[in-house]
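# Secondary and tertiary structure notes
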Amino acid sequence: MTNALAAAEAALERGDYGQCIALLEQLAEANPITNSQGAEIRMLLVTAWMGKGDESKALSICRLLTRCKDLEVRNRSRQLLDVLEAPSLARPESWSMQLPTLEMDPSVGKRPKLLSRRKLPPPPPSPPTGPTRAPAAGFAVLVITVLVGLTLLLSGCVRITADLSLPGPDRVEMAWTIDSRSGLQLPWQDAFSQELRARHLPWNIRNAGNGHLEVKAPTQNSEEASALLSQTVAAAGRTAGLLLPAPTLKLDERNWLVGLKQELLLELDLSALDSLNELQIAVRLRDQASLRSLQSSPAMASKNAKGELIWPLTIGVQNRLQWSQWRWSRLGLGSLAILALLVLTAGLQRLRLLMGFGYPELPS
């Protein structure tokens, strides 16, 4: 099935809609619309029928997809349905060129009187006319990519909040909350969540469908968290048509037996987002009780009305955060307590000997 689906996608990319439809119809029979794989196959089938110019079949499949259980598939199918059901506008007569009618001699086989005297130059080619045909798949993909970028640029943008915490030694927790300031689901949010799934990144994705998207990663060590952050930032840039530099996440730890000192360095270069002035990005820091020092630039981290520590990022520049915290070790504190009890017991026994009581004896 994977090879057949890949062959269908390749045929769609090179514009061979007939072969693509033949492959996808076989896959659609084997995969019902109720599962996610069947829904994705039918979405590709809608694009292929649109590329072939058969809007009626594309409409019938698109209407079925609007009743799919998957929320993302329903949203995408509704957007395509709006495009397919849009009324066709009549072409104004002023847009076309009309050539004058030449008077012909009634005698059969004779040339027109106008042409009998002098030879006229050939008329210019007629402008392209006729009914508008459905766009090809490659052009449709290009239009969708441009629309996603324009949506991110002009829609009032989004508000991105990244949660960051250090729950234990060499352990990092990350989560992203992406909200549309218009309260509507943006195409970029759908494209971003699909890109994360396509890359098989370990994010738990929750799409509320009202402009609210949550992604949360499991607890990882610092190296895994740094690699995941770089891959996620690259995916966000690809879906917006931007090339974002890889961020830096580095965790240094020093064990002092009774506790652990953790120092976190986070650097984010947002120079590529210089034109997105309305975009809001902030980092929310957890575990404030163990926080010892915090340095951030160019913006300073501060507490909001809920008492949360928020570091707002500045668009168009390099952002840097240094976070230091101290974490007590239960094992180290327990070892010190046992050692202190042993020293105290030895001191009391020595004092007993100096007072002449001797060693304690077992009862007879």
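Because the structure is a prediction, the values reported are computed rather than measured.

What follows concerns helix α3 (residues 36-52). Compared with an ideal rise of 1.5 Å per residue, which puts 17 residues at 24 Å, α3 spans 25 Å between its outermost C-alpha atoms and is within 8% of the ideal. Considered for burial, the residues of α3 that qualify are Gly 38, Ala 39, Ile 41, Arg 42, Met 43, Leu 45, Val 46, Ala 48, Trp 49, Met 50 and Gly 51. Gly 53 lies just past α3 and shows a positive phi near 95°.

To continue, consider the pattern of salt bridges. Going through the model one piece at a time under the given rule, you end up with eight salt bridges. One salt bridge in this structure joins Lys 261 and Glu 263, with 3.5 Å as the shortest N-O distance. According to the relative accessible area criterion, Lys 261 is partly exposed, its value standing at 30%. Given the relative accessible area of 35%, Glu 263 is considered partly exposed. The partner of Arg 320 in a salt bridge is Glu 267, with the nearest N and O atoms 2.2 Å apart. You can see Arg 320 sitting in strand β11 (residues 318-328) and its partner Glu 267 sitting in strand β6 (residues 259-269), a full 53 residues away along the chain. Residue Arg 320 is classed as partly exposed on the basis of its relative accessible area, which comes to 31%. The class of Glu 267 is buried, set by a relative accessible area of 19%. When salt bridges that share partners are traced, they join Asp 163, Arg 284 and Glu 308 into one network.

All right, on to empty space enclosed by the protein then. All chains considered together, the criterion is met by one cavity of 30 Å³ or more. In this structure, the largest cavity encloses a volume near 430 Å³. Along the walls of the largest cavity sit 29 residues, with Ile 160, Trp 176, Val 233, Leu 270 and Ile 281 positioned nearest its centre. Of all the elements in the fold, those that place two or more residues in the lining of the largest cavity are β1 (158-168), β2 (171-180), α9 (222-239), β6 and β7 (280-285). By residue class, the composition of the lining of the largest cavity is 26 nonpolar, one polar and two charged.

About the cut-offs
- Residues numbered from 1 in each chain as written.
- Predicted model: local features only at pLDDT ≥ 70, side-chain atom pairs only at ≥ 80, totals over all residues.
- Heavy atoms only, no water.
- Helix = DSSP H or I, 4+ residues; strand = E, 2+ residues; numbered from the N terminus.
- Expected span 1.5 Å × (residues − 1).
- Buried < 20%, exposed > 50% of the residue type's maximum accessible area, 1.4 Å probe, protein only.
- Salt bridge = Lys/Arg side-chain N within 4 Å of Asp/Glu carboxyl O.
- 1 Å grid on protein atoms, 1.4 Å probe; cavity = no way out; pocket = protein on both sides within 12 Å on 5 of 7 lines; lining within 4 Å.
- Points joined across faces, edges and corners; volume = space filled by probe spheres on them.
- Nonpolar A, V, L, I, M, F, W, Y, C, P; charged D, E, K, R; others polar.

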